[in-house]
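So you can see what is in the structure, the chains are spelled out below.
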Amino acid sequence: MKRRDLLKGAAVAVAGTASSKFIHADEEKASESGQRRALGKIALEEHFLIPEFVDYFSETYPNINPEIRKFGTSVLQDLGNKRLEIMDQNGIEFVVLSISGPGVQVEKDAAVAKRRAKAANDFLAAEIQKRPKRYGGFAHLAMQDPAEAAAELERCVGELGFQGAMINGQTNGEYLDLDKYSIFWERVAALGAPIYLHPANPVDRPAVYEGHSELWGPVCSWAFETATHALRLVFAGVFERYPKATLILGHMGETLPLNLWRFDSRWLVCNRGSRTLAQPPSFYIKRNIAITTSGVCSDISLRCALDAMGNNNVMFSVDYPFEKTDLAAQFIETARVSETERSQVASGNAKRILRLT
Ligand code: MN
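Residues numbered from 1 in each chain as written. Predicted model: local features only at pLDDT ≥ 70, side-chain atom pairs only at ≥ 80, totals over all residues.

Draft legend 1. Just helix α14 (residues 325-334), in detail. Where α14 is concerned, the buried positions are T325, A328, A329 and I332. Projected down its long axis, α14 carries its buried residues within an arc of 95°, all on one side. Facing away from the buried side of α14, by more than 90 degrees, are the exposed residues D326, L327 and T334. (Buried ≥ 20, exposed ≤ 12 C-beta atoms within 10 Å, placed from the backbone. Helix = DSSP H or I, 4+ residues; strand = E, 2+ residues; numbered from the N terminus. Arc of directions from axis to C-beta.)

Quick look at the structure:
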C-alpha cells in the first residue's frame, strides 16, 4: 500500500510534463529508495577524528596512499550535514561512531592516553546528544591501564549511552589476552558491551613484509594481525572465563570464518604448551565473536561468513570514509542471501548485539 502511494506520488509529480519513459524511471527510483529505507541499515565501523588525534592517525601513513591521508583533516572531522547526507542517500539510519585509529593505542605516556581518550569520549557524547537517533558511539579506551579502561568503559556505556568500545589492536606491544586485562574482560562481560577489535600495526615489522609496502596495511597485514589477536583471546581462554563477553571483528571477520574447521583440526595436534580449552576453538569463535561486512562487498565472502559464523553474528558496516558507502549499501541491498538474512545483517543483528532497542 505504502509503495503504491509512493509510486503514485512520483508519477503525479511529473505528470503532464514528462514522457512515460521518465515516469518509469521515477517509479524505479522510488521503489529502489523504498527498499533501501525499509532495511533500516545500521553501520558500526564508521570513523571520525578530532584535531588532537590527527598525529596518531598519521601513524597509518605508511599503510595508505596520500589521497586517503587527507581524510584526517577533512571528511573524518565532519559530523554534520555531509555525513548525514551520505547516510540518507544510502538508507543508513544509524551509525556507531568511533575514532579513526590507532588513537591512544600508540601513546607511550599512559597519563596522556587516559586524558585524551576521556576527552574524545566526552566530545563524541556531545555529538551524539545533538543527533541521538542517527549517532551512537564506541568508547575510545587507554588500554595502558586495564582497570581505568574498565572504569571508562563503564562510564561511557552507563553514563554516556555508548554501545561498547573500539580498540585499535595492540597497545605498546601488549595484546588483550594478557592476564592484566582480566579486570577489563570481566567488566566487558558484566556490562554486556561488545568490544570492536579494529586493525592496526604491530610494534615490529615482520620480514615477510619487507620490500612490499602494498602488503603492509589493508591489503594483507592488518587482517592477519587482527585475526591473530582475536585467536590469542580464544586460545588463552578469555571467552571460556567470560562467556558473556562479545568481540566484534570487521572486514568479514578478518579471514577467520574461512578457517574454523582447520582451527579445530590443528588445535588437536599443534604444540599447545600448557593451554587447554573445554570446547573446540570454533565454539568460542561462533559464540563470542560477531563480525561486520565492513570493506568486503562480496557475495562469496558473505555466504561463507553467514554459514560459518551463523546468521545471527554478521552485521552490516561501511568503514566510512575509507570505503564507498554507496557500494556497501548496494551490496547488502542486492546480496544473494535470503530476505531473512538480509534483514538480520542490515539491522536486526546489530539491534540485538548493540542492545539498540
Ligand atoms: Mn576501519
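Draft legend 2. Broad picture of the pairing of strand β3 (residues 135-140). Within β3, 6 of the 6 residues are buried, leaving the element largely enclosed by the surrounding structure. Note that strand β2 (residues 92-99) and β3 share 3 bridges and pair parallel. What sits directly across from V95, in β3, is Y135. Inspection of the sheet shows β3 paired to strand β4 (residues 164-167) by 3 bridges, in the parallel sense. When the bridges of β4 are listed, A139 appears paired with A165. As for the winding sense of the linkage, the β-α-β connection from β3 through helix α7 (residues 146-158) to β4 is right-handed. (Pairing = 2+ DSSP bridges. Right-handed = clockwise from strand over helix to strand, strands pointing away.)

Draft legend 3. Representation of the environment of L76 in the model. If you trace the backbone, L76 turns up in the loop between α4 (66-69) and α5 (81-89). For the pair L76 and P321, spaced 245 residues apart in sequence, the C-alpha separation works out to 6.9 Å.

Draft legend 4. Spotlight on the sheet that holds strand β6 (residues 247-249). In spatial order, the strands read β1-β2-β3-β4-β5-β6-β7-β8; together these 8 strands make up an open sheet with parallel pairing. The sheet terminates laterally at β1 (41-48) and β8 (314-315), the two strands that pair on one side only. Sheet contacts for helix α9 (residues 221-235): β5 (195-197), β6 and β7 (289-292); angle to β6, the most-contacted strand, approximately 160°. (Contact = placed C-beta atoms within 7 Å. Axes fitted to C-alpha atoms, helices over the stretch in contact; angles between N-to-C directions.)

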